[in-house]
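# Breakdown of the fold
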Amino acid sequence: MSVDQHPRAGGAEGAIDVDDPSVPQFDLVRAGARRDGVEIVHYAPRFPVRGTKVEKRIERTIALLLTLSGLFAFGGVAAYIFWPFQYEPGPSASKLFTPLFGLGLGGALFLLGLAMVVYAKKLLPEEIAVQDRHDGPSPSDEQRMTSATLLNMVDETGIRRRPLLKAAILLPAGGIGVAAVAPLIGSLLKNPNDGHILLRTGWDPANNNGQKVRLTRADGTPIRPEDVSVGGQMTVFPGIPGGATNQYADSPVLLIHLREEDAATLRANIEKAQQTNSHPPVVQGMWGNFVAYSKICTHAGCPASLYEQQTNRLLCPCHQSQFSITNQAIPIFGPATRKLPMLPLELEDGYFVAASDFLEPVGPAYWERP
Amino acid sequence: MSAARKRRRMDLARMPGAVAQGVDERFQVATPLRRLINKVYPDHWSFMLGEIALYSFIMLLLTGTFLALFFDPSMAETTYEGSYTPLRGIQMTKAYETSLNLSFDVRGGLIMRQMHHWGALLFMAAIVVHMFRIFFTGAFRKPREFNWIIGLLLFWLGFFEGFAGYSLPDDALSGTGLRIASAIMLSIPVIGSWATTSVFGGEFPGTEILPRLYILHVFLIPLILIALITLHIFLLVKQKHTQWPGPGRTNHNVVGVRMFPNFGMKAAGFSMIVFGTIALMGGLLQINPLWLFGPYRAEVVSAASQPDWYVMFLDGSTRLMPAWDIHIPIGDGYTIPALFWPTILLPGVLTILPMLYPWIEARLRKDRQAHHLLQRPRDVPARTALGAMAIAFYLVLTISGANDVVAEKFDISLNAMTWAGRVGLLVAPPLAYYVTYRICLGLQQHDREVLAHGVETGIIRRLPDGRFIEVHQPLAPLDEHGHPQIEYAGAPVPKKMNRLGALAPAVRGFFFPVEKPAPPTPVSPTPVSPAVAPAELEESREGR
């Protein structure tokens, strides 16, 4: 029995008596909807004949989904309580804790959602309702009265004919505005030129009571030339307290022991650069066949640490800038524009030290970078 | 005694009514409540994309609150002594240590972490696809321009929220991301170095940045997100939903189902499906196994370090950017780093342009009307092609964000991938524009053809004079020239014949029939196009 077959009550809600207890419930629904600007134009039960095989089947399907959802939920809770979750090295049952709990929780939620959607699509009555939009601007008389009210608000203050007050208000308005942001900006503001934090690194002898800083491994042990084999490389840190920590994040250096012919190429390139003054500043910082480059990419600051022994390149894995080891680490591909700074090497008591700090700023460029 | 019991029973039956009466006496809810229940929602699958974002956001709030109970953003150094043996004895920050504890020592902590991460990826994906829907159907047009802008802001807020969250665990990957972020900040002309040292409280990384990101991530940005989402939905309700053109649908009405029970039950069910999907992903699919990366150290990085997918397009633009620093030879000399263009300027343009797009399009089309009916993408070829162009641009950047992985997996030179990206970025978008434009025109033409000649049925008929014609099923009654009188209405045109007079309807049931097959319908003479007059048909039949 399709309800929309009912004769329309003349299109007006007034045609039914809302207080009459004998009025069918749906007529009240329809009348209420009309009052809300909604016309229910089609409304029919999915199953005009109750209890057909199809309807029963859908009911059974939904019941099954709900039952499974509940079982998954309790299964997940059981896994959460009883399954071991502590990490053990190697294959262990605890590795299944997260998948099992996820399966229980996720399965329960998913099946519940499925049951609800099937219920809505298969069992709720078919319906087409049409609502009026009532869009567009407010009626023009409303607009006029509101704008009059707003304008009157300004007139009531009389601010227009009181220029002294108008001017006087600006001062506290600006002042309080500045006062409100002052604590935030003032406390956060930090001058980058204080102590030249963008220019100095851990290799500055000032960090080591004026002594030249040793090249050390992460554990702090100093390095002798024979520790790095020919063609090999090693990440080294300034030999000062905390030198290998993120406190000196701009200081890691790649120490490379070049092969004889590569070292000769680099020496020739440096000499050529000194004559033509290309890629300034030119640093002659090699010690024997050893050279040390800053590991911090001049593009975005990632460690440019992938050492290609065959092509003598350093590759930064973040944005693929490539630097030529045998030519002062100038960029030869990718977005980097400047060479990796070279750390001038020296030998003291048989151990490597930095002759000085880097002669140019390490890492990414910025506006006032010298 | 029995009388008292009787009265009590009657009271119970009356209770809901009495409670409702009491509530209404105090709050006068009868009218607004009924209005809410009766609010009409149009139905289309593409309208649920924004819902996915909303439900993912709810999941993010829930899982995020759980994580906050155990996470400590402190950058103080400590030695790991937790249950994950490979990292025992290693120096790390409290942030990384508590992230590891969440993964190994908090019961159910790992799934919450993974659900939070998957939820964030899904949130951003749903926002992007939802924006495609809005753009390609013209739903951003007047009066909805401001909701379009709010949507864009939600995308960027989600972007920063996601990046902040990605940075918090302080593993090697997130630290590298933060290092790049600091370089990007440094590259801003004039104020770059001041801004960076101020944000980081000194030199990168310092000890301030994670606690600062944490308060942004768990308080400030979510607060703004919630406010904007609320405004977004309020405007949606106030302006009412757009709808596709169709029978009875006009610019002045909404045709659909009422909010309760029909729309409400579907939406609630769908929210459970989204929650369930996130939980299943969090449980079954590993994401961000940060114990494998180790703590962040300035000198450690690995190949194939990719950010989350929604940041990848900026990573790609950074990779493709040629090494062009601009030097300004005034005084000591100033630099605009190459990094500035793809990471600050490009996102700036990508924010401003789409924000202004609704007004740009309205001006170009001289269109000041309010629009509540959606447009099919094919009907506005220029806009659709522009969108395809933007997607092509975005895809080239996103793929380039993983060009090292592509190079490795397909054994292509890395430098070749970079060059392919640079060339592709210039070539692919115009190509996408042209191809999309042509496809739109082709689809339009096919719609008009079907309207003029009817649906192709695939039935070949031999005429008495020996000719073969394909039978077309017209969509409207024919005029005297044998053409259907029907205008294109902006709605999909049926392109499959209906079964009337051709085949019996299929029997319902998946494994076995659940109803009796209908009796075969007698084959009626199908109208053909070019139409043969019925009288002529009769003649030819009699002639046989």
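Residues numbered from 1 in each chain as written. Chains lettered and ligands numbered in written order. Predicted model: local features only at pLDDT ≥ 70, side-chain atom pairs only at ≥ 80, totals over all residues.

## Comments concerning the overall build of chain B
Counted only if it meets this: Here a helix means four or more residues in a row that DSSP labels H or I, a strand means two or more in a row labelled E, and each is numbered from the N terminus. Computation of the radius of gyration draws on C-alpha atoms alone. For the globule rule, the value is 2.2 Å times the number of residues to the power 0.38. Here contacts are defined at the residue level, using C-beta atoms placed from the backbone and a cut-off of 7 Å between them.
When its secondary structure is counted, chain B shows 16 helices and eight strands. For a compact globule of 544 residues, the expected C-alpha radius of gyration is about 24 Å, and chain B comes in at 31 Å, more than 25% above that figure. A principal-axis box enclosing the C-alpha atoms of chain B has dimensions of 100 × 95 × 50 Å. Pairs at least 24 residues apart make up 70% of the contacts formed inside chain B by residues separated by at least 6 positions.

## Some remarks on helix α8 (residues 192-200) of chain B
Turn by turn, an α-helix covers 3.6 residues, leaving residues three or four places apart pointing in a common direction. Residue and element names in this part refer to chain B. Under the convention used in this document: Here a residue counts as buried when 20 or more other C-beta atoms fall within 10 Å of its C-beta, as exposed when 12 or fewer do, and as partly exposed in between; the C-beta atoms come from the backbone.
Within the span of α8, buried status applies to Gly192, Ser193, Trp194, Thr196, Thr197 and Phe200. Packing partners of the buried residues in α8 comprise α7 (172-186) and α9 (209-239). Of the residues trailing α8, Gly201 is marked for its positive phi of about 65°.

## Some thoughts on the interface of chain A and chain B
What counts is decided by this rule: Amino acids are sorted into nonpolar (Ala, Val, Leu, Ile, Met, Phe, Trp, Tyr, Cys and Pro), charged (Asp, Glu, Lys and Arg) and polar (every other residue, Gly among them). Only when DSSP finds a minimum of two bridges between them are two strands counted as paired.
Each side of the interface is counted separately: chain A has 74 residues, and chain B has 87 residues. Of all the secondary-structure elements, those providing two or more residues to the side of chain A that touches chain B are α1 (25-35), α2 (53-82), α3 (97-122), β2 (126-132) and β10 (330-333) of chain A. Counting residues per element, the side of chain A that touches chain B draws most heavily on α3(A), which supplies 17 residues. Here the residues of the side of chain A that touches chain B sort into 45 nonpolar, 18 polar and eleven charged. Of the pairings in the sheet, the one linking β2(A) to strand β4 (residues 253-258) of chain B comprises four bridges and is antiparallel in character. Bridge pairing links Asp132(A) to Asn253(B) in β4(B).

## Brief notes about the pairing of strand β12 (residues 351-354) of chain A
Across four bridges, strand β11 (residues 345-348) of chain A lies against β12(A) in antiparallel orientation. By the bridge assignment for β12(A), Glu348(A) is matched with Tyr351(A).

## So, the sheet that holds strand β1 (residues 40-41) of chain B
Here is the rule we go by: Axis geometry follows a simple rule: fit a line to the C-alpha atoms, using only the stretch in contact for helices, then measure angles between N-to-C directions, giving values from 0 to 180 degrees.
With respect to topology, four strands assemble into an open sheet ordered β1(A)-β2(A)-β4(B)-β1(B), the strand pairing being antiparallel. The two strands at the open ends of the sheet, each matched to only one other strand, are β1 (38-44) of chain A together with β1 of chain B. With six bridges connecting them, β1(A) and β2(A) associate as antiparallel partners. Looking at the pairing, Tyr43(A) lines up with Glu127(A) of β2(A). Packing of helix α10 (residues 259-284) of chain B onto the sheet brings it into contact with β2 of chain A together with β1 and β4 of chain B, and relative to β4(B) it is tilted by some 75°.

## Concerning the domain arrangement of chain B
Residue and element names in this part refer to chain B. This is how the line gets drawn: Residue ranges assigned to each domain were obtained from an automatic or database domain assignment.
The domain architecture assigned to chain B consists of domain 1 (2-32), domain 2 (45-316), domain 3 (376-452) and domain 4 (454-492 + 528-538). If you average the C-alpha positions of domain 2 and of domain 3, the two centres end up 27 Å apart. Contacts between the two partners involve eleven residues from domain 2, matched on the other side by 15 residues from domain 3. Contributing elements (two or more residues each) for the side of domain 2 that touches domain 3: α5 (109-136) and α11 (312-320).

## A look at the environment of Cys302(A)
With respect to the helices, strands and loops of the structure, Cys302(A) is situated in the loop between β6 (290-294) and β7 (306-308). Its 24 C-beta neighbours within 10 Å are what place Cys302(A) among the buried residues. Taking the C-alpha atoms as reference points, Cys302(A) and Ser356(A), separated by 54 residues in sequence, lie 23 Å from one another. Setting aside anything within four residues of it in sequence, one finds Cys302(A) in contact with Cys297(A), Cys316(A), Pro317(A), Cys318(A), Thr176(B), Arg179(B), Ile180(B) and Val301(B).

## Some remarks on the sheet that holds strand β9 (residues 322-324) of chain A
The strands making up a sheet associate through backbone hydrogen bonding, with each pair oriented either parallel or antiparallel. Residues and elements named next belong to chain A. Across the sheet, which stays open at both edges, the four strands sit in the order β7-β8-β9-β10 with antiparallel pairing between neighbours. The sheet is open, and its two borders are formed by β7 and β10, each paired with just one other strand. Recorded for the sheet is a direction-independent mean angle of 35° between the axes of neighbouring strands. Relative to β10, β9 runs antiparallel, the two being bridged by three bridges. Its bridge partner being in β10, Ser324 is matched across the sheet by Ile330.

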